Protein chains: 2
Amino acid sequence: MLNFDYQNPTRILFGQGQIAALAPLVPQGARVLMLYGGGSIRANGVYGEVMASLQGHAVLEFGGIEPNPTYETLCKAIELVRSERIDYLLAVGGGSVIDGTKFIAAAALLDEDPWSIFEKRAANVTAALPFGVVLTLPATGSEMNSGAVVTRRATQEKRAFASRHVFPQFAVLDPTTTYSLPARQVGNGVVDAFAHVMEQYLTYPVNAKVQDRFAEGLLLTLVEEGPRALSEPDNYEVRANLMWTATLALNGLIGAGVPQDWATHMIGHELTALHNLDHAQTLAVVLPAMLRVRREAKRAKLLQYAARVWNLVEGDEEVRIDDAIARTEAFFRAMGLATRLSGYGLGREHIEPVLHALEAHRMTKLGEDRLVTLDVSRKVLELAL
Amino acid sequence: MLNFDYQNPTRILFGQGQIAALAPLVPQGARVLMLYGGGSIRANGVYGEVMASLQGHAVLEFGGIEPNPTYETLCKAIELVRSERIDYLLAVGGGSVIDGTKFIAAAALLDEDPWSIFEKRAANVTAALPFGVVLTLPATGSEMNSGAVVTRRATQEKRAFASRHVFPQFAVLDPTTTYSLPARQVGNGVVDAFAHVMEQYLTYPVNAKVQDRFAEGLLLTLVEEGPRALSEPDNYEVRANLMWTATLALNGLIGAGVPQDWATHMIGHELTALHNLDHAQTLAVVLPAMLRVRREAKRAKLLQYAARVWNLVEGDEEVRIDDAIARTEAFFRAMGLATRLSGYGLGREHIEPVLHALEAHRMTKLGEDRLVTLDVSRKVLELAL
């Protein structure tokens, strides 16, 4: 096991009806800005539940935060926070709304250009507005971590930052809010959570037994419950298991004390920035190809993954690895995602621009061993055609 | 899955050498009281490491906190805290030192009799002195939770309290500090952690898949690594896995959203209070008997436990359950603990006093279903003879 420094102060209120328990967690007298996305929370009743719970608080709202939240939109929210002297934020939505809220929370207290947060790797983030979350889309884990990703439309850049100042103070996870999600978002969420676990698990062994067992437990649950969320959208237990799994997939716990990869995510971010693919779609494309190209570096963990997640324990090792990767890809397809670039209308001519973007963002030594050079990334993308 | 409210703010610094990273976590200018037990930290070098790390801080010390820390001893520490205007505590040791420190932290700010914390179920604990932990004995999980158990020698009572105000601010977990532990403490620690998981896992199913997979992962790790800690005491990886497992066994995570039992612990506390058995010894005695007596209420989970922890998946269900419980008991014995009352010199005549104590402490409806009455507890103790 590697040394680690782990802390996660976010409070989780989990279960049906918990939105009603939200009010005491927002400070009395706070000027609250409620942030949300495209308005689905009005259709499914969450907007009304949150507003009812916040009665007695001064609440302004800011809607329209996009999937892959844009810097351009978030800067408008920052202006509103300042002009209205907002001192508490409440993100109601999925990872994009939460990520956007984290950026707003940090940038609103900053005396310089908000984009500097990315340029300075958040070294200039020394405080942030406090905020809470009402989660409506299990996927990114942002509701219980300190990271965020923002897209700058003007320059086609998708950049990440992390700071201990942007842990949500609380997150309400009510599985019933996810009943009405479109199948595409359900599938995306499951694949996103699956990839998060894989980035922290499928590297090389350091004999971290608990982290491995926890990661495998999350993967097994996604494999069991993911397809059921598509076929039984109103099954509370399925939704509950998926929601808690997605949160734990990226709250720091399973990644503490183990090597981490994240090459798939970095390449995926460029595909989203350049071609507007859904985040999970990029992962479904890149991850299987990454596992195939990096087969030797990841051999021991691939065999462990084959055995403990897919029950492939007999026969030739090469066949077991092939099967495990093929099943991973089949699982992503079963969740409704295409797993090749061609499935999203992208071809060989789209590879070089991705590599240029990686180079521009200094993403030339990726992976748990820093050996995913631009050449390796090229091979991955070629295999994903 | 049941609804839940989960938060755990304790920061974990894990790994060899992390004691040296402790200083910045203790506030500058604080008047620190370092608390410890019988002095083993002087022999194994931890005392020196901690003191070196705290150079520049004002540090007083209070040693001699016993296993099963006594109210009588802790009250002396409370006096010292007040007379010396201590404003930060540092517990260096195992669960007893940490539990004692939690009680001191809460009681030092209290305007009434410290014992009232137990009488009032900690409703009167509205603040506590801040404190950190340097863990030297993986067992109780106290280093990352908000509970504590204290024994009052005068009345032979062992009582527990919990309050969100007594989460450690940080805990340093350096596995090398455990190399020098006596075999008895290693065995006790592994059995204690195992019982903690079982109290949260071996109840009845609520389809909480992640909690179940995590619990099974902790149990599997204890079964694999526990005996190795006895045979290879200087194996860092073994010690690291055990240390992190014991912490996660009782930090609230695997118990969130599932029924919890704790009947074994409550009966065990009375055995310790009356006969001074080690805490883990009482668990090794009571747990196997509890599983046998409560076989029908726990049937579904016993079969799951048999399959996923002991790989007992074929043949008659009754035999599988018998085998799983027998293997549990054999595992405790392999860790060096007797699993019957007779192994500690106790006989049938010692049962009634335990039942009287349970009644006096209102422990007459224990277990995940409140069906462990005094009659059931009697059966458990008789079966444990």
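Within each chain, residue numbers correspond to sequence positions counted from 1 in written order. Chains and ligands are labelled sequentially in the order written, the chains with letters from A and the ligands with numbers from 1. For this predicted model, a pLDDT threshold of at least 70 governs which residues receive local features, and a threshold of 80 or more governs which side-chain atom pairs are given and counted, while totals over whole chains, interfaces and linings are taken from all residues. To obtain the side-chain values, all non-hydrogen atoms of the structure were included, while hydrogens and water were left out.

Per an unreviewed UniProt entry, chain A carries the name Iron-containing alcohol dehydrogenase and comes from Telluria aromaticivorans. In its Cofactor (unreviewed entry) section, UniProt records this for chain A: "Fe cation". UniProt positions are given in the numbering used here, feature names are shortened, and annotations may be inferred rather than shown by experiment.

All right, on to the overall build of chain A then. A tally of helices and strands in chain A yields 14 helices and eight strands. Atoms counted for the radius of gyration: C-alpha only. Globule rule: 2.2 Å times the number of residues to the power 0.38. Compactness check: chain A gives a C-alpha radius of gyration of 20 Å against a globular reference of 21 Å for 385 residues, within 12% of the reference. With the principal axes as the frame, chain A shows a C-alpha extent of 65 × 45 × 45 Å. For chain A, the proportion of its 385 residues judged to be buried stands at 63%. Helix numbering and strand numbering both begin at the N terminus, where a helix is a DSSP run of H or I of at least 4 residues and a strand a DSSP run of E of at least 2. Here the term buried applies to any residue with accessible area under 20% of the maximum for its type, exposed to any over 50%, and partly exposed to those in between, with areas from a 1.4 Å probe on protein chains only.

All names here are of chain A. The rule for a salt bridge is simple: a side-chain nitrogen of Lys or Arg has to be within 4 Å of a carboxyl oxygen of Asp or Glu. Under the definition given, this model contains 54 salt bridges over all chains. Where E61 meets R42, a salt bridge forms, and the shortest distance between an N and an O atom there is 2.9 Å. Residue E61 is located in strand β3 (residues 58-62), and its partner R42 is located in helix α1 (residues 40-43); the two are separated by 19 residues in the primary sequence. The class of E61 is partly exposed, set by a relative accessible area of 29%.

Relating one copy of the chain to the other takes a rotation about an axis and a shift parallel to that axis. Overlay of chain B on chain A (RMSD 0.0 Å): rotation 180 degrees, translation along the axis 0.0 Å. Put plainly, the chains are arranged around a two-fold axis. Residue P9 of chain B of chain B places its C-alpha closer to the rotation axis than any other residue of that unit, at 2.1 Å. Any two residues whose heavy atoms approach within 4.5 Å at even a single point are treated as in contact. Most of the interface of chain B is mirrored in chain A, where 100% of its interface residues again form contacts. Least-squares superposition aligns the copies on the C-alpha atoms of those residues with pLDDT at or above 70 in both.

With numbering aligned to this structure, UniProt lists the feature "domain: Fe-containing alcohol dehydrogenase-like C-terminal" (unreviewed entry) at residues 189-358 of chain A. A distance of 25 Å separates the end C-alpha atoms of residues 189-358 of chain A, which is 68% helix and 0% strand.

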